[in-house]
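Structure at a glance
Residue-level listing of the chains:
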Amino acid sequence: MAWFASDQEHTLAWRWGISSGIATFLVWWFQEGAVLMMGAILLYQLFLATRSYAISGRRLFLAFGSTPLALLLAVRIPWDAAAGPVVVLAVTALWPLMGLAAVATLVAPGKLGVRAWLVSGGAASLAVAAYTDSVTGFTASLVPEPRPAELAGCYRVLRGFSLPLMERPLPAVVQLDTTRWSLADTVATNRTSVYIAGDRRVTPSVWGEFGHWRDAEGGWVFIGWTYQRRLGVRGRFRRDGDDLVGRLVQYQDMMRLAPMPVQSVRFKRTACVSDASSSQARVPG
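In this report, the structure presented in the accompanying data block is examined. (Residues numbered from 1 in each chain as written. Predicted model: local features only at pLDDT ≥ 70, side-chain atom pairs only at ≥ 80, totals over all residues. Heavy atoms only, no water.)

Each helix and strand counted, the chain has eight helices and eight strands in total. For the chain, the share of sequence-separated contacts (at least 6 apart) that also reach a separation of at least 24 residues comes to 57%. Per element, the accessible surface of the chain, about 15,600 Å² overall, is 64% carbon and sulfur. (Helix = DSSP H or I, 4+ residues; strand = E, 2+ residues; numbered from the N terminus. Contact = heavy atoms within 4.5 Å. Areas by Shrake-Rupley, 256 points an atom, 1.4 Å probe, with all protein chains shown as cover.)

What follows deals with the pairing of strand β1 (residues 153-163). On a regular strand, one side chain projects to one face of the sheet and the next to the other, so that they alternate. Inspection of the sheet shows β1 paired to strand β2 (residues 173-180) by four bridges, in the antiparallel sense. Pairing of Tyr155 across the sheet is with Val174, part of β2. (Pairing = 2+ DSSP bridges.)

What follows concerns the pairing of strand β4 (residues 209-213). In terms of burial, β4 is largely enclosed, as five of its five residues are buried. Here four bridges tie strand β3 (residues 200-206) to β4, and the two strands are oriented antiparallel to one another. From the neighbouring strand, Val206 faces β4, where its bridge partner is Glu209. Count of turn residues in the β3/β4 antiparallel hairpin: two residues, of which Trp207 carries a positive phi of about 55 degrees. In the sheet, β4 pairs with strand β5 (residues 221-227) via four bridges, with the strands oriented antiparallel. Across the sheet, residue Phe210 finds its bridge partner in β5, namely Thr226. (Buried < 20%, exposed > 50% of the residue type's maximum accessible area, 1.4 Å probe, protein only.)

A few words now on the packing of helix α1 (residues 7-30) against helix α5 (residues 114-136). Running from N to C, α1 and α5 point in directions that differ by 30 degrees, and their axes come no closer than 9 Å. The pairing of α1 with α5 is recorded here as roughly parallel in orientation. Where α1 crosses over α5, the two elements pack in a sense that is left-handed. Residues Thr24, Val27 and Trp28 of α1 form the contact with α5, whose participating residues are Tyr131, Ser134 and Val135. Of the residues that constitute the contact of α1 with α5, the class distribution is four nonpolar, two polar and no charged. (Axes fitted to C-alpha atoms, helices over the stretch in contact; angles between N-to-C directions. Parallel < 35°, antiparallel > 145°, perpendicular 65-115°, else oblique. Left-handed = near helix turned anticlockwise from the far one by under 90°. Nonpolar A, V, L, I, M, F, W, Y, C, P; charged D, E, K, R; others polar.)

The next point concerns the state of the cysteines. On inspection of all chains with the given rule, the structure shows one disulfide. Cys154 shares a disulfide with Cys272; S-S distance 1.9 Å. Measuring the twist about the S-S bond at about 115 degrees, one finds the Cys154-Cys272 disulfide to be right-handed. Taken together, the residues Cys154 in strand β1 and Cys272 in the segment after β8 (262-270) connect sequence positions 118 residues apart. Judged on exposure class, the residue Cys154 and its partner Cys272 are both buried. (Disulfide = S-S within 2.5 Å.)

This brings us to the sheet that holds β2. An order of β1-β2-β3-β4-β5-β6-β7-β8 is seen for the eight strands of this closed barrel, with the pairing classed as antiparallel. In this sheet, neighbouring strand axes are inclined to one another by 30 degrees on average, regardless of whether the strands run parallel or antiparallel. Against the sheet, α1 touches β1, β7 (243-252) and β8, its axis set at about 155 degrees to β1.

Moving on, we come to the nonpolar core. Note on soluble globular proteins: their nonpolar side chains tend to be buried together. Of all hydrophobic cores here, the largest spans 26 residues; its most connected members are Trp16, Met38, Phe64 and Leu106. Per-element tally for this core: the top contributor is α1, with eight residues. Those residues within four positions of Leu106 in sequence are excluded, and the remaining contacts are Phe4, Glu9, Leu12, Ala13, Trp16, Ser56, Arg58 and Phe61. Membership of the second largest hydrophobic core comes to 20 residues, among which are Leu170, Val174, Trp213 and Leu244. (Core = buried A, V, L, I, M, F, W, Y, C linked by side-chain atoms within 4.5 Å.)

Cis peptide bonds are those with omega within 30 degrees of zero, and the linkage from Leu163 to Pro164 qualifies with -15 degrees. Mapped onto the secondary structure, Pro164 falls in the loop between β1 and β2. The peptide bond linking Thr203 to Pro204 adopts the cis configuration, its omega dihedral lying at 5 degrees. With respect to the helices, strands and loops of the structure, Pro204 is situated in strand β3. Unusually for a residue other than glycine, Trp207 sits at a positive phi of about 55 degrees. Mapped onto the elements of the fold, Trp207 is located in the loop between β3 and β4.

Looking now at the pattern of salt bridges. Overall, the coordinates contain 11 salt bridges when judged by the stated rule. Linking Arg147 and Glu150 is a salt bridge whose minimum nitrogen-to-oxygen distance equals 3.3 Å. Of the residues examined, Glu150 reaches a relative accessible area of 32% and is grouped as partly exposed. A salt bridge links Arg214 to Asp199, with the nearest nitrogen and oxygen atoms 3.2 Å apart. Pair noted here: Arg214 is in the loop between β4 and β5 and Asp199 is in the loop between α8 (193-196) and β3, with a separation of 15 residues, a long-range link. Judged by its relative accessible area of 33%, Arg214 is partly exposed. Accessibility expressed as a relative area gives 10% for Asp199, which makes it buried. If you follow the salt bridges from partner to partner, you end up with Asp240, Asp243, Arg266 and Lys268 in one network. (Salt bridge = Lys/Arg side-chain N within 4 Å of Asp/Glu carboxyl O.)

If you want it as structure tokens, here you go:
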């Protein structure tokens, strides 16, 4: 408790740090799927804000209690294309900033030297910036977007960490084709093509769910499998050399309290085999 005036404030600082850390992980991993779980953390931090004000007497904690509520109201308001990303950025960065600001407010004046403030503040700023970029994909948008022909080809699917465990299977190897789904494919896809017409094809299908991908936009490539947009998996991927890395999110049209499974995936570029006697790379046209 060298940085704090009392054991109570030291305990409050730990609680702010832990609760904000959990909230930050949930937003980073589940993104919009974390909404229901965030309600419990919001209520707990409202309690922490009230308790922190009562013990420390610092009025800034009254603002801490109202800020999450204001942002939750803000995301319910329809925004135009210009304001929308600003609101998303604010909601994304809220939780780590709230935790850091609360801990800094609880630190007793004069307990921490200028050098320690600068080092701690610099490290915290870099961590928040890296976290925010991983959610918003800002740096990915700065890289020149690859053409569809550069992305087309075959990839080995390497499955990584999953929380909860992904329930739907993924193929071992996929092929991104430059050919687009059309409305003429409706009969063959049980009308799924109505929902994915215009997207490019991904083969093979999985459990009757038809694969589709979109040209790179904002540094990200969308890849997914769907059955009439009622269920499937989907995710955004960025280029890493010749590979594509990102996360696939399982979805369904039925509401459930627990978040849907999210799994990290790497699509590792591999040669396409056109037949049993050839292993030459083939880029579909």
